[in-house]
Amino acid sequence: MLDKTADSFIENRTFDELTIGETASSSHLVTQRDIDLFSTVTGDVNPAHVDPAYAETDMFHHIIIQGMWGAGLISAVLGTKLPGPGTIYLGQDLHFRRPVSIGDTITATLTVKEKKPQKGDVTLDCVCANQKGEAVITGTAYTRAPKEKVRRLRIVLPRVEVNRHDAMLAILSRAAGGAPVETAVVNPVDAASLLAALDAAKAGLIAPVLIGPAAQIAEVARATGADISALRLIDVQDGRAAAAQAVALARAGEVALLMKGDLHTDEMMHPVIASETGLRSARQISHIYLMDVPGYPRPVLLTDVAINIRPTLAEKVGIVQNAIDLAHVIGIARPCVAILAAVEIVSARMPSTIDAAALCKMAERGQITGGVVDGPLAFDNAINEAAAAEKHIISPVAGRADILVVPDLEAGNMLAKQLTFLSGAEAAGVVLGARVPIILTSRADSAATRLASCALGVLAARAAAAA
């Protein structure tokens, strides 16, 4: 693609045009994205550049960008300005004088030092300086300058997304700070669910109690090279029996968290919601996804996408309150709650908009507490301030949503999968409202998602125990 704006041309300086002392420069503000991109392209994952905990212990006490990144700025000036297109890069001497940190503005300045007419070679002094004028890189570039004039439209570079998932890393870090939570792992008879439980145990998150057909679990452990000899293993015949046994352990206070293995959600939840022997409390049972979406500046909670198919207004009250309470657990003091619908106006023909209006009024009157609730809001208005402004929506939530409440399970399930598979979001899921939290993962979930879900469940279990 070509950029045809007024400043979009790249034009060189031929050997004959160049003069001794002539200069050109280019500046760049260093961001985390620069480190991520450079590390990804080069494979340079030196912890001084990518591991904040390690970087605190080294001589600079914080993350610094790779030194050769600055050399790239020099190359850019050579190739686009001085001498510009047609330049052949013959060699480079570099001396690294100071570290470069996120937030520094680095200016690469090249000065023509010497011209050699015989071959058209040009030597340039190179200095990369920070915003204080301090040299961070000095050196000399050896080039062969172009003989013919070149003037070209500048190519517009493709958009590159960097998916860091810092929100998930923060959840894992927070959860790893306490004692492991006793967790009933229900029917871990496939490699993914068994290894997820063991990974969470290795991370110090849970103390797994494996429940299911013992011979089958042992065979999976052997096939994957996993050691389960030190873990408690309760032998039952199938997934339904395993779910019932897990509920019994929770009722007896032996475990504070349940984790779904290789069984259907309905099989997992049936003994949980049983009226006499289950784990029902006074709260509505609902599922919440914590989603770390690239390009969105904060983690977002999405609910309900797995339990309540077509929730009533009363059930939505509980769904909203569960999400607000989980937001508090992960450190969002007063979350902005967007009640989603297809439109942002109340319409008698669209029941979801009427429910949204009622939920807002109930929040005003203290029937929902701990957050700022607004709706109905269309998805774009909930997460994008410019979209909200375009429609003249005045709202403390629009464009700043921490929680997205969908009208029904189908809408929520589709939205969650779109964010995951099209936008590269990482997700962690947990069920709240029962006597203990339930980690509810699916077969399509990655190992990272399963581990993050464990961390979220652990935080919820600790919060429940402290309440």
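Residues numbered from 1 in each chain as written. Predicted model: local features only at pLDDT ≥ 70, side-chain atom pairs only at ≥ 80, totals over all residues. Heavy atoms only, no water.

1. Details of the packing of helix 8 (residues 239-251) against helix 9 (residues 265-273)
Piece 1. It is at 8 Å that the axes of helix 8 and helix 9 come closest, and there the two elements cross at 35°. In the crossing of helix 8 with helix 9, the sense of the turn from one axis to the other is right-handed. For the pair helix 8 and helix 9, contact is made by Arg-240, Ala-243, Ala-244 and Val-247 and by Glu-267, Met-268, Pro-271 and Val-272, respectively.
Piece 2. Within the contact of helix 8 with helix 9, the residues separate by chemical class into 6 nonpolar, no polar and 2 charged. (Axes fitted to C-alpha atoms, helices over the stretch in contact; angles between N-to-C directions. Helix = DSSP H or I, 4+ residues; strand = E, 2+ residues; numbered from the N terminus. Left-handed = near helix turned anticlockwise from the far one by under 90°. Contact = heavy atoms within 4.5 Å. Nonpolar A, V, L, I, M, F, W, Y, C, P; charged D, E, K, R; others polar.)

2. A look at the domain arrangement of the protein chain
Piece 1. As far as domains go, the protein chain holds domain 1 (11-153) and domain 2 (166-466).
Piece 2. Computed from C-alpha atoms alone, the centre-to-centre distance between domain 1 and domain 2 is 47 Å. (Domains from an automatic or database assignment.)

3. Description of the environment of Ala-214
Piece 1. Tracing the sequence through the fold places Ala-214 in helix 7 (residues 214-224).
Piece 2. Classification of Ala-214 by relative accessible area gives buried; the value is 19%.
Piece 3. Once the C-alpha coordinates of Ala-214 and Asp-408 are considered, the two residues, 194 residues apart in sequence, prove to be 38 Å apart.
Piece 4. Once you skip the residues sitting within four places of it in the chain, Ala-214 turns out to touch Leu-233 and Asp-235. (Buried < 20%, exposed > 50% of the residue type's maximum accessible area, 1.4 Å probe, protein only.)

4. So, the UniProt feature "domain: MaoC-like" (unreviewed entry) in the protein chain
Piece 1. UniProt annotation of "domain: MaoC-like" (unreviewed entry) refers to residues 28-119 when read in the numbering used here.
Piece 2. End C-alpha to end C-alpha, residues 28-119 measures 33 Å, and it is 36% helix and 25% strand. (UniProt positions renumbered as here; feature names shortened; annotations may be inferred.)

5. Notes on the UniProt feature "domain: Phosphate acetyl/butaryl transferase" (unreviewed entry) in the protein chain
Piece 1. Per the UniProt annotation, the sites labelled "domain: Phosphate acetyl/butaryl transferase" (unreviewed entry) are residues 242-455.
Piece 2. The distance separating the terminal C-alpha atoms of residues 242-455 is 22 Å; by composition the span is 39% helix and 18% strand.

6. Focus: the pairing of strand 13 (residues 300-303)
Piece 1. Burial of strand 13 is two-sided: the residues Val-300 and Leu-302 facing one way and the residues Leu-301 and Thr-303 facing the other way are all buried.
Piece 2. When strand 12 (residues 286-292) meets strand 13, the two strands line up antiparallel, connected through 4 bridges. Note that in strand 13 the partner of Leu-290 across the bridge is Leu-301.
Piece 3. Note that strand 13 and strand 16 (residues 403-405) share 3 bridges and pair parallel. Bridging from a neighbouring strand, Leu-301 pairs with Ile-403 of strand 16. (Pairing = 2+ DSSP bridges.)

7. Side note on the sheet that holds strand 2 (residues 23-29)
Piece 1. Spatially, the 5 strands line up as an open sheet ordered 2-4-5-6-3, and their pairing is antiparallel. Whereas interior strands pair on both sides, the edge strands pair on one side only; in this sheet they are strand 2 and strand 3 (88-96). Averaged over all adjacent pairs, the angle separating strand axes in this sheet is 20°, with direction ignored.
Piece 2. Direction of pairing for strand 3 relative to strand 6 (residues 135-144): antiparallel, over a ladder of 8 bridges. Paired with Phe-96 across the strands is Ile-137, a residue of strand 6.

8. A look at the layout of surface pockets
Piece 1. Estimated volume of the largest pocket: approximately 730 Å³.
Piece 2. The wall of the largest pocket is formed by 31 residues, among which Tyr-289, Ala-306, Asn-413, Lys-417 and Ser-442 lie closest to the centre.
Piece 3. Contributing elements (two or more residues each) for the lining of the largest pocket: helix 9, strand 12, helix 14 (409-421) and strand 17 (426-432).
Piece 4. Among the elements that line the lining of the largest pocket, the one with the most residues is helix 14, at 6 residues.
Piece 5. Considered class by class, the residues forming the lining of the largest pocket number 14 nonpolar, 11 polar and 6 charged.
Piece 6. Of the pockets and cavities examined, the second largest pocket occupies roughly 550 Å³.
Piece 7. Around the second largest pocket, the lining is made up of 20 residues, and of these His-28, Arg-33, Asp-34, Leu-37 and Leu-157 lie nearest the centre.
Piece 8. Per-class residue counts for the lining of the second largest pocket are 10 nonpolar, 6 polar and 4 charged. (1 Å grid on protein atoms, 1.4 Å probe; cavity = no way out; pocket = protein on both sides within 12 Å on 5 of 7 lines; lining within 4 Å. Points joined across faces, edges and corners; volume = space filled by probe spheres on them.)

9. A closer look at the pairing of strand 4 (residues 105-116)
Piece 1. Of the strand pairs in this sheet, strand 2 and strand 4 are connected by 7 bridges, and their pairing is antiparallel. Bridge pairing links Ser-26 to Ala-108 in strand 4.
Piece 2. Pairing geometry for strand 4 and strand 5 (residues 121-129), over 9 bridges, is antiparallel. Looking at the pairing, Lys-115 lines up with Val-122 of strand 5.
Piece 3. Counting the residues that bridge the hairpin from strand 4 to strand 5 gives 4 residues, and of these Gly-120 lies at a positive phi of roughly 80°.

10. Thoughts on a nonpolar patch on the surface
Piece 1. A surface patch of nonpolar side chains, about 260 Å² in accessible area, is lined by Ile-88, Leu-90 and Tyr-142.
Piece 2. On the secondary structure map, Leu-90 appears in strand 3.
Piece 3. The class for Leu-90 is partly exposed, based on a relative accessible area of 45%. (Patch = residues over 30% accessible without salt bridge, like charges linked within 9 Å, V, L, I, M, F, W, Y side chains within 5 Å. Areas by Shrake-Rupley, 256 points an atom, 1.4 Å probe, with all protein chains shown as cover. Salt bridge = Lys/Arg side-chain N within 4 Å of Asp/Glu carboxyl O.)

11. Examining unusual backbone geometry
Generally, phi is negative for residues other than glycine and the peptide bonds are trans, each holding for most cases.
Piece 1. Cis geometry marks the peptide bond from Leu-82 to Pro-83; its omega dihedral reads 0°.
Piece 2. Counting through the fold element by element, Pro-83 comes out in the loop between helix 4 (67-80) and strand 3.
Piece 3. The peptide bond linking Gly-375 to Pro-376 adopts the cis configuration, its omega dihedral lying at 5°.
Piece 4. Of note, the phi angle at Asn-187 is positive, near 60°, even though the residue is not glycine.
Piece 5. As for its placement among the helices and strands, Asn-187 is situated in the loop between strand 8 (181-186) and helix 6 (191-202).

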